Amino acid sequence: MSLLPRTAEEFSSAEYWERFFKKRGEKAFEWYGDYNKLCGVLHKYIKPRDKVLVVGCGNSELSEQLYDVGYRHLTNIDISETVVNHMNQKNAKQRPDLTFQTVDATQTPYEDGSYQAALDKGTLDAMASQEEGALAGRMLAEVGRVLGIGGRYVCVTLAQESVIKLAVEHFVQVGWAVRLHCLGDPESQEVSSFALPVFVLVCTKFRQPMPMPILEMCQGEDGAPVRLPVVADLLSVVRERQAYAMLRQRLRTGTNATSTPSLTLCHAPTGRPRYTLTVQDCPPGAKVPRANHFAIFIVPQGRESDWLYGSAEGRGQLAASANFRRLVVVAMHREQEYTDMQAVQSELSPMVMELAPPGMPANHQVPFLSVGGELGWREVVSRGTSDLSGQYSVEDVRGEDGQLYRRLVFLGNEGLVQSESRLTDPAAAAASSQKKKSRRKAKPSAPPPVTTPSQTPGGALEVDKGFLCCAHHRVMVAGLAMLGVGTDHHKDVSVLLVGLGGGGLPQFLRDFVPGAKVEVVELDPAVLEVAQGWFGFTPDDRLTVTLGDGLERINNMEREGGHQYNVIMFDVDSKDPSLGMSCPPPAFVDTAFLERVGKLLTPQGVFMLNLVCRDSALKKSVLSRVRGVFPHVLSRGIEGEVNEVLLCSRGTGETGVPPTLLKAGKTLQGSLGMNSSGAATCSPQIDITELLEDLKVA
C-alpha cells in the first residue's frame, strides 16, 4: 500500500503524517486492529469512569467507539494538525465531549497525575526508531508523569524487539508492573503484509517502585498470566509468538513441497518442549484424492529418530504414502507424560487446525493417523552431560518390530541416534525355552499382552551382544571376508577402531570373530562410561580402549613405527553440523592422513570407512582422495540412510568385486561364534552373504 512508510524513521515524522492523512482523506485508518478486536482487553484495563489520554490518536475510530459505549473522559492528542481538525469537525455535533488536540506527546500541558489511563495504538512503534529510541523514551516518561498512582499505560503494538525492549526496560527501571497480551495477527485485509500478531502492553504505576520486576505474558485477552523472571525471557516468548504467526501466515497462503517448516509446542506450566510439528506438503501434480486435504500423523514415542520420521527424505516418503495435500508430522518429547491417543488429539487439535492448507472446507473432518493407534513407549534410564558433546539421554524404546532397544541420544542433535542395541530379558527367554520343551498339544490361546520392562516381574534387561542394530556395522563385519577371516590363513585378526559409540561393534568383533584383538580409540570419556554402564561393553586383554584423539593416536603410531593392523575402521562423527559430511570429520580423509593409515595396515589389510555425506561434490572429492591411497575400493550403501561403507585395500590387481568374496563370506559366517577349540559358543545374528552381495566398485 503506497500510503505506508517506506522506512521506519518516517513513522515518527510529523511531515509524513501530514501527507498521510491528506492522502487518506476521511477514511479511518485502524492501526493494528479495530475496536472489535481490541475491546475485550481494553475494557479489562480501562474503565468508563477513567480519565484517558489517547496518545497519537490519528483518525482511528477507536476513540469514537469507546465514547459511544460510555467512555466520556477521553483526551485525544496527535502531532498532525490536519487529522486533529478533521476529527474535531467530524465529532463536534455527535460527540461534543470528545476532544482532539494538536499536542506533542513528549511535551504535554497536562498536570502531574491527572489521568487514570493512557492509550497508545501504534504511537510507540512509530516513535521508537527516532533518535535511537530517545524520542520514545521521552514520550514514555511524559506518560508516567501524567498518570496517577494505579494508572495504566495501555499500548497496542507489533512488539518489534527493539521497541518492546525499550518500553519494558523503561517501566521495569521505574518499578512498574508489566503485562503483555498476545492477541494474534491483525485481521485487516488492507494491511495484509502485517503477518505479525498484535500485542497489548499494560504497564501499571505503583506508589512505591516494585523491588523485583513483575513481568507477565498472557495468550489472548483472557489467558492466565505466566510470570517470567527477566526481560530477556519475555522477549524470547514474544519472538516465539511472532515466528509462529509468520509461519501460520505462510502456510495459509499456499502449499510448498520444497519447504518443510517445523515448530515446537511447549508445556505452558513448565516451558519445556512437548511436541515438535513438521509440515510436509504434497508436490505439485501429485494425484491426491479430493477429500484428502489435511491429516496429522502422531509419531510413536521413541521412534522420532527413525529414518522415516527423523529425516526429511523419510517424512517425504511418509507423506507420499499418506497422500494428503498437507501432512503434519508430530513428535512427542522425552520426559513428558502422555495419557493416551485421545488425550493427545484433544490437546493438539486447536493448534494444528491453524496450520491447515488454504482452501480446506469449513468443518472438514481432519484425521489423526498413527502406527496401530498406539502412542509407543519410551523410558529414559539415564541422563548426563559430556564435556565434548553436551547433554545426553540413554533411553529404552519399543521398535516397530515390537522388540525393546536401548539408545544413546545427544540432545543437541535429537534427530540422530548415536548408538543403539537390542535388549533381551534373560528370565523371559529362559521361560520361553522351557515352555517350548514341555509344550503339549492344546487349544490355541491368545498371545500374551506386550509388556514394558517395568511390567516384567523381576526381570533385568540385558544387551543382546549377538545383534548389531546398525546396518553399517554389519557391513564392516562382513568386510572381514576380504581378509579371509575364518580360514587357517587368518587365525588372528588385529583391529583398530576409531569411534566407540555404545561399543556394540568392537564387542561383537571381540566376542564372535575368532582370534580378534580390538583396540578402540575414543575421544569422549563420557561415551566410554555410558558404553560400560548401559550397553554391556566389557574391555579385557582382547578389547582395549585408548582415550584420546584418533588423529593424534594414528599420527603417533605411524611416527613411532612397529604398529601393524589387519583392519582399521573409522566410525567417528563430526561435531560441526554446518558441514555437508557428518561422518567422519574432514581431517580423517585428508590425503596425508590416509597415507599414514595405509602405512599402519598389513600388506593385505583393509581400511573401512563409514561415510555419511549429503554434499555430492564433497563426496566425490572424498572418494577421489581415498582411491588415491587405496586403489581398490568397494562400497555398499545402507538402504533408507545416507551412510555408505567403503572397504578399501591396496588390491590384488582385480578391478571389480573379487569372485571368491562370497565364498570367503560363507567361511566367515561359519567361523563366527567359534571359540579356539572350534566349538560354537553362540550364534550371532548376521547374514554375511547377503551383506556382500550388494557390494560395488566405488
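Please refer to the structure higher up on the page.
Before going into details, it helps to say that this report is about the structure given with it. For every chain, the first residue of the written sequence is number 1, and numbering continues from 1 along that sequence. In keeping with the model being predicted, local features are shown solely for residues with a pLDDT of at least 70 and side-chain atom pairs are shown and tallied solely at 80 or more, while totals for entire chains, interfaces and linings include all residues. Note that the side-chain values use all heavy atoms of the structure and ignore hydrogens as well as water.

## So, the nonpolar core
Quick note on the threshold: Among buried residues, the Ala, Val, Leu, Ile, Met, Phe, Trp, Tyr and Cys ones that are joined through side-chain atoms within 4.5 Å form a nonpolar core. A simple rule labels every residue: compare its accessible area, found with a 1.4 Å probe on the protein chains alone, to the largest value its type can have, and call it buried under 20%, exposed over 50%, or partly exposed in between.
Core analysis: the biggest nonpolar cluster contains 51 residues, and Val-477, Leu-480, Leu-509, Val-567, Met-569, Met-608 and Ile-688 have the highest contact counts within it. Membership of the second largest hydrophobic core comes to 42 residues, among which are Leu-124, Ala-136, Ala-167 and Cys-203.

## Focus on the sheet that holds strand 19 (residues 462-463)
Heads up, the rule is: When DSSP locates at least two bridges between a pair of strands, those strands are taken to pair. Each helix is a run of H or I in the DSSP string that is no shorter than four residues. Each strand is a run of E no shorter than two, and both are numbered from the N terminus. Here, two residues are considered to be in contact whenever any of their heavy atoms come within 4.5 Å of each other. Note on geometry: axes are C-alpha line fits, over the in-contact stretch for helices, and angles between N-to-C directions span 0 to 180 degrees.
Pairing is antiparallel in the open sheet, where five strands are placed in the order 15-16-17-18-19. Both edges of this open sheet fall to strand 15 (378-386) and strand 19, since each of them pairs with a single strand only. Pairing of strand 18 (residues 419-424) with strand 19 involves two bridges; the strand directions are antiparallel. Following the sheet pairing, Thr-424 is matched in strand 19 by Glu-462. Where helix 15 (residues 525-534) meets the sheet, it contacts strand 15, strand 16 (390-398), strand 17 (404-410) and strand 19, and its direction lies at approximately 25° from that of strand 16.

## Quick word on the packing of helix 17 (residues 591-600) against helix 18 (residues 616-629)
Note the threshold: Here roughly perpendicular refers to angles of 65 to 115 degrees, roughly parallel to angles under 35, roughly antiparallel to angles over 145, and oblique to all remaining angles. In this scheme the handedness of a crossing depends on how the near helix is turned from the far one: anticlockwise by less than a right angle means left-handed, clockwise means right-handed.
Where helix 17 meets helix 18, the closest approach of the two axes is 9 Å, and the angle between their N-to-C directions is 40°. Taken together, the axes of helix 17 and helix 18 are oblique relative to one another. In the crossing of helix 17 with helix 18, the sense of the turn from one axis to the other is right-handed. Between helix 17 and helix 18, the contacting residues are Thr-591, Leu-594 and Glu-595 on the first element and Arg-625, Val-626 and Val-629 on the second.

## Description of the packing of helix 13 (residues 471-478) against helix 14 (residues 504-512)
Note the following rule: The classification used treats Ala, Val, Leu, Ile, Met, Phe, Trp, Tyr, Cys and Pro as nonpolar, Asp, Glu, Lys and Arg as charged, and all other residues, Gly among them, as polar.
The N-to-C vectors of helix 13 and helix 14 enclose an angle of 30°; their axes lie 10 Å apart at closest approach. The two elements helix 13 and helix 14 cross, and the hand of that crossing is right-handed. Counting all contacts with helix 13, which are made through His-473, Met-476 and Val-477, the residues of helix 14 involved are Leu-505, Phe-508 and Leu-509. Residues belonging to the contact of helix 13 with helix 14 are distributed by class as follows: five nonpolar, one polar and no charged.

## Section: helix 16 (residues 550-560)
Our working definition: Note that the arc is defined by the directions from the helix axis to the C-beta atoms. Pairs of N or O atoms are called polar contacts if they sit within 3.5 Å, as long as, within protein, a hydrogen donor faces a hydrogen acceptor (for residues adjacent in sequence, only side-chain-to-side-chain pairs).
Three or more residues of helix 16 are buried, namely Gly-550, Leu-551, Ile-554 and Met-557. Down the axis of helix 16, the buried side of the element spans an arc of 140°, and every buried residue falls inside it. Turned more than 90 degrees away from the buried face of helix 16, the exposed residues are Arg-559 and Glu-560. Here the buried face of helix 16 lies against strand 20 (493-498), strand 21 (516-522), strand 23 (565-570) and helix 17. For helix 16, the side-chain oxygen to backbone nitrogen distance between the N-cap and Leu-551 is 2.8 Å, and the N-cap itself is Asp-549. Downstream of helix 16 by a residue or two, Gly-561 has a phi angle that is positive, lying close to 80°.

## Overview of the packing of aromatic side chains
Heads up, the condition is: Any Phe, Tyr or Trp ring, taking Trp's six-membered ring, that has another such ring centre within 6.5 Å forms a pair; planes under 30 degrees apart are called stacked, those over 60 apart edge-to-face, and the others tilted. Geometrically, a lysine NZ or arginine CZ counts as sitting over a ring once it is within 6 Å of the ring centre and also within 35 degrees of the ring normal.
Taken as a whole and judged by the stated rule, the model has twelve aromatic pairs. An aromatic cluster is present here, built from Phe-570, Phe-588, Phe-593, Phe-607 and Phe-630 joined pairwise through their rings. Residue placement shows Lys-51 over the ring face of Tyr-115; its charged tip is 4.8 Å from the ring centre. Above the face of the Phe-467 ring, Arg-422 is positioned so that its terminal group lies 3.9 Å from the ring centre.

## A short note on the pattern of salt bridges
For the record, the criterion: Whenever Lys or Arg places a side-chain nitrogen within 4 Å of a carboxyl oxygen from Asp or Glu, that contact is recorded as a salt bridge.
Under the defined criterion, the tally for this structure stands at 29 salt bridges. Measuring nitrogen to oxygen at the nearest pair gives 3.9 Å for the salt bridge that ties Arg-334 to Glu-304. Of the two residues, Arg-334 sits in the loop between strand 13 (326-332) and helix 11 (341-352) while Glu-304 sits in the loop between strand 12 (294-298) and helix 9 (307-310), which places them 30 residues apart along the sequence. Judged by its relative accessible area of 14%, Glu-304 is buried. Between Arg-378 and Glu-395 there is a salt bridge; the shortest N-O distance is 3.7 Å. Of this pair, Arg-378 sits in strand 15 while Glu-395 sits in strand 16, and the two are 17 residues apart along the sequence. With relative accessibility at 1%, the residue Glu-395 sits in the buried group.

## Side note on helix 19 (residues 661-671)
An α-helical turn contains 3.6 residues, so a residue and the one three or four places further along point in the same direction. Restricting attention to buried positions, one finds in helix 19 the residues Leu-661, Ala-664, Gly-665, Leu-668 and Ser-671. Buried residues of helix 19 fall within an arc of 125° about the axis and therefore sit on the same side. Pointing more than 90 degrees away from the buried face of helix 19 are the exposed residues Lys-663, Lys-666 and Gly-670. Here the buried face of helix 19 lies against helix 13, helix 14, strand 26 (632-637) and helix 20 (688-693). Downstream of helix 19 by a residue or two, Gly-673 has a phi angle that is positive, lying close to 85°.

## Some details on the side chain of Asp-125
This is how the line gets drawn: Only four residue types enter the tally: Lys and Arg on the positive side, Asp and Glu on the negative side, with His and both chain ends excluded.
Tracing the backbone through its elements, the reader meets Asp-125 in helix 5 (residues 123-127). Lacking a salt bridge, the buried Asp-125 has Lys-121 as its closest oppositely charged neighbour, with an N-O distance of 12 Å. Within the structure, Asp-125 has its side chain in polar contact with the side chain of Thr-157 (distance 2.7 Å). Beyond its immediate stretch of four places on either side in the chain, Asp-125 contacts Tyr-32, Thr-157, Leu-158, Ala-159 and Val-163.

## Looking at the pairing of strand 21
Operational definition: Handedness rule for crossovers: strands pointing away from the viewer, path from the first strand over the helix to the second running clockwise, crossover right-handed.
Counted residue by residue, strand 21 has six buried out of seven residues, so it is predominantly covered. Inspection of the sheet shows strand 20 paired to strand 21 by six bridges, in the parallel sense. Residue pairing for strand 21: Leu-496 is matched across the bridge by Glu-519. Crossover handedness for the path strand 20 to helix 14 to strand 21: right-handed. At this point the chain moves from strand 21, through helix 15, to the parallel strand 22 (residues 543-547), and the crossover so formed is right-handed.

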